[in-house]
Amino acid sequence: MTSTNDERGPAVRLRVQAVVEERADSEIAPKAEVSGLNFFYGRLQALKDINLTFPANQVGAVIGPSGCGKSTLLRCFNRIHDLYPETRYEGKIILYPSGINLIGPETDPLEMRMRMSMVFQKPNAFPKSVFENVAFGLRLRGVKGKELEEQVEQSLRLAALWDEVKDRLKQSAYTLSGGQQQRLCIARALATDPEMLLFDEPTSALDPIATAKIEDLIFELKSKVTVIIVTHNMQQAARVSDYTAFMYLGELIEVCPTKQMFENPTNKLTEDYITGHFG
Amino acid sequence: MSDFKQIIAKRKRQDFIFNVLGIICTLVGIVTLGALLVDLLMDGAARLDWTFLTSFPSRFAERAGILSSWVGTLLIMIVTAFTAVPLGVAAGVYLEEYARKNWLTNLIEINIANLAGVPSIIYGLMALGLLVYKFRLGQSVLTGGLTLAFLILPIVIVATREALRTIPQGIRESAYALGSTKWQVVRHHLLPYSIGGTLTGIIIALSRAIGETAPLITIGALTFIAFLPAPPVQQYPPFISFDWLWSPFSVLPIQMFNWVSRPDQDFVVNAAGAGLVLIVVTLSLNAIAIVIRYRVRKRIKW
């Protein structure tokens, strides 16, 4: 692990080799590599020179106080910023194994959105039936008929929701509880077989039991998909993630395996945040 | 301590006074409307019967009926609805979802709201110059329908925009995040979810158009028509005819106005009868709008 000084200074680069050395077990390939990412809302610079690699099939947490840019970083991955005027990217996010630059001007945002799936903070299920919610992404990709039904069932099983909704597939999604709706949104995100799952504070609006179910789910999903989870709840990051990145005021302060971040952070600012001196 | 009691008592008195004033103001509106309805009922209810609804106007009050008027109103409403609804909804969707938010679109938004307040006779004058003379559409059902369509277009646009605005941004972002194009989001999500509010706005706009008199007089609606336009469905090919679009017409409010202006008291009774029909139609349209709004609100709660 490259050593850092205590001051907030230039961003820290996580070297994949170092992570591999520390984890004696499986080979870890990178899934997405962020290099030199700057992001602007009009004239306001929200992300400053972010350099970070997300390994494949791992859960990466991004933590930090409000306004640090973690959601902004997440939303760069599926180009949601493009929906709003006066947003500008600089730098690169390379997706592996295809090698595509996610934020390059030559890439089609629509195509990027089809490779990624996002789950938002507020469970925003569509006011359609449970079935149609999950089926929507599939229908966009031209899936029909029997195959559609099978994939919907599979996604609902993956999201640990099938048993609870199998008798009410045609009912409105709004008859489900908040936790169930969020799992429905996860099923909807999984149905399209994404390369990465992007969670933007997925459990902050839910009760502890629903939160626990979703955290278990995230843990199981990582074998299929790479997960990035943005959370303001440090304990959640500690429970769920393999490695954690700490951001502050648009800069990446430190990134390392979760255990190390919470037990032995290198940077003083990280330590202050973890121990609750500010937040 | 007693200061508090005095101050509180005074504020409670003010509260009570405003409560009473509010009730009085509400009653003024309701009682006026009620008196209007009762007056109409007393004058005209006796006159309402099947022959009244199926006779043409006549010099003789007992034989005069509103057949040509209500057919004219119906045909005009059909043209208005088929013109204003697609144009208005499409414009509303474009302005809300597609257009960039800059000074130009702000200007357009302000002006559309202004257009809703322009006096209806101005629309009549515009239609006279543009549709009747310039485009040579004549003093026909088509012209009348288009005039009223222009009149209610701003209302439909605003209603569509307001309905779209109630859809939370999270729904849009979820739909985009799954890989939809803008049109797919509009077609599969925004239009279906906003249809309740849009439809309510459309019905209210139509119920306003039904009662418009001034613009139609300006473009030359007649007051005495003793024939009906050619029916749209015919026995012989080509089976669908659009001749009725080019036909002269009259509408219920104009017929009422014409009758009320006559010295013969019996015609005033006829006018009351026609007025009752008009009010019943308007109130029914509004009732439908309320039912739709209620049903949609039950189904979709953001």
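Residues numbered from 1 in each chain as written. Chains lettered and ligands numbered in written order. Predicted model: local features only at pLDDT ≥ 70, side-chain atom pairs only at ≥ 80, totals over all residues.

### Remarks on the overall build of chain A
A count of helices and strands for chain A gives 11 helices and 10 strands. Whereas a compact globule of 279 residues would reach a radius of gyration of roughly 19 Å, chain A reaches 19 Å, a difference of no more than 12%. Taken along the three principal axes of its C-alpha coordinates, chain A extends 55 × 40 × 35 Å. The burial tally for chain A puts 45% of its 279 residues in the buried class. (Helix = DSSP H or I, 4+ residues; strand = E, 2+ residues; numbered from the N terminus. Rg over C-alpha atoms; globule rule 2.2 N^0.38 Å. Buried ≥ 20, exposed ≤ 12 C-beta atoms within 10 Å, placed from the backbone.)

### Details of the nonpolar core
Residue and element names in this part refer to chain B. The biggest cluster of nonpolar side chains holds 139 residues, and the ones touching the most others in it are Ile152 and Val156. It is helix 6 (residues 141-165) that contributes the most residues to this core, 16 residues altogether. With sequence-adjacent residues up to four places away left out, Val156 is seen in contact with Ala84, Val85, Gly88, Val89, Gly92, Gly201, Ile202 and Ala205. (Core = buried A, V, L, I, M, F, W, Y, C linked by C-beta atoms within 7 Å. Contact = placed C-beta atoms within 7 Å.)

### Overview of the domain arrangement of chain B
What the domain assignment reports for chain B is domain 1 (2-46) and domain 2 (48-299). Across the contact, 6 residues belong to domain 1 of chain B and 7 residues belong to domain 2 of chain B. (Domains from an automatic or database assignment.)

### So, the environment of Trp70(B)
Residue and element names in this part refer to chain B. Considering the arrangement of structural elements, one finds Trp70 in helix 3 (residues 67-98). A count of 20 C-beta atoms within 10 Å places Trp70 in the buried class. The spatial distance from the C-alpha of Trp70 to the C-alpha of Val251 is 6.2 Å, given a sequence separation of 181 residues. Residues in contact with Trp70, not counting those within four places in the same chain, are Leu252 and Val277.

### Brief notes about the interface of chain A and chain B
Residue-level contacts link 19 residues of chain A with 17 residues of chain B. Elements represented by at least two residues in the side of chain A that touches chain B include exactly helix 3 (109-115), strand 6 (116-119) and helix 4 (130-140) of chain A. Within the side of chain A that touches chain B, the residues separate by chemical class into 12 nonpolar, 5 polar and 2 charged. (Nonpolar A, V, L, I, M, F, W, Y, C, P; charged D, E, K, R; others polar.)

### A look at the confidence of the model for chain B
Residues and elements named next belong to chain B. With 99% of its residues at a pLDDT of 70 or more, chain B shows a mean pLDDT of 89. When pLDDT is averaged over each element of chain B, helix 6 comes out on top at 94 and helix 2 (residues 50-54) at the bottom at 85. As scored by the predictor, the complex reaches a pTM of 0.83 and an ipTM of 0.85. (pLDDT = per-residue confidence, 0-100.)

### Comments concerning the pairing of strand 1 (residues 30-41) of chain A
All names here are of chain A. The pairing of strand 1 with strand 2 (residues 44-55) spans 8 bridges and is classified as antiparallel. Considered in strand 2, the bridge of Leu37 is made with Ile50. The loop that links strand 1 with its antiparallel partner strand 2 comprises 2 residues; one of these, Gly42, has a positive phi angle of about 65°. The pairing of strand 1 with strand 4 (residues 87-95) spans 8 bridges and is classified as antiparallel. Following the sheet pairing, Phe39 is matched in strand 4 by Tyr89. (Pairing = 2+ DSSP bridges.)

### Thoughts on the sheet that holds strand 5 (residues 100-101) of chain A
All names here are of chain A. Within the open sheet, the 4 strands sit side by side as 2-1-4-5. Their pairing is antiparallel. Across the chains shown, the open sheet's two edge strands, defined by having one partner strand only, are strand 2 and strand 5. Relative to strand 5, strand 4 is paired through 2 bridges, and the arrangement is antiparallel. Directly across from Ile94, in strand 5, lies its bridge partner Asn101. Helix-sheet contacts for helix 2 (residues 70-77) involve strand 1, strand 2 and strand 4, and the interaxial angle to strand 2 is about 65°. (Axes fitted to C-alpha atoms, helices over the stretch in contact; angles between N-to-C directions.)

### With respect to helix 10 (residues 252-260) of chain B
Because an α-helix completes one turn every 3.6 residues, residues spaced three or four positions apart along the sequence face the same direction. For helix 10 of chain B, the full list of buried residues reads Leu252(B), Pro253(B), Ile254(B), Gln255(B), Met256(B) and Trp259(B). Structurally, helix 10 of chain B contributes buried residues whose contacts are with helix 3, helix 9 (214-218) and helix 11 (265-299) of chain B.

### Concerning the sheet that holds strand 7 (residues 196-200) of chain A
All names here are of chain A. Taken in spatial order, the 6 strands make up an open sheet running 6-7-8-3-9-10, and their pairing is mixed. Edge positions in the sheet fall to strand 6 and strand 10 (251-257), since each has one partner strand and no second. Pairwise comparison of adjacent strand axes, ignoring direction, gives a mean angle of 20° for this sheet. Judged from the 4 bridges that link them, strand 6 and strand 7 form a sheet pairing that is parallel. Within strand 7, the residue paired with Met116 across the bridge is Met196.

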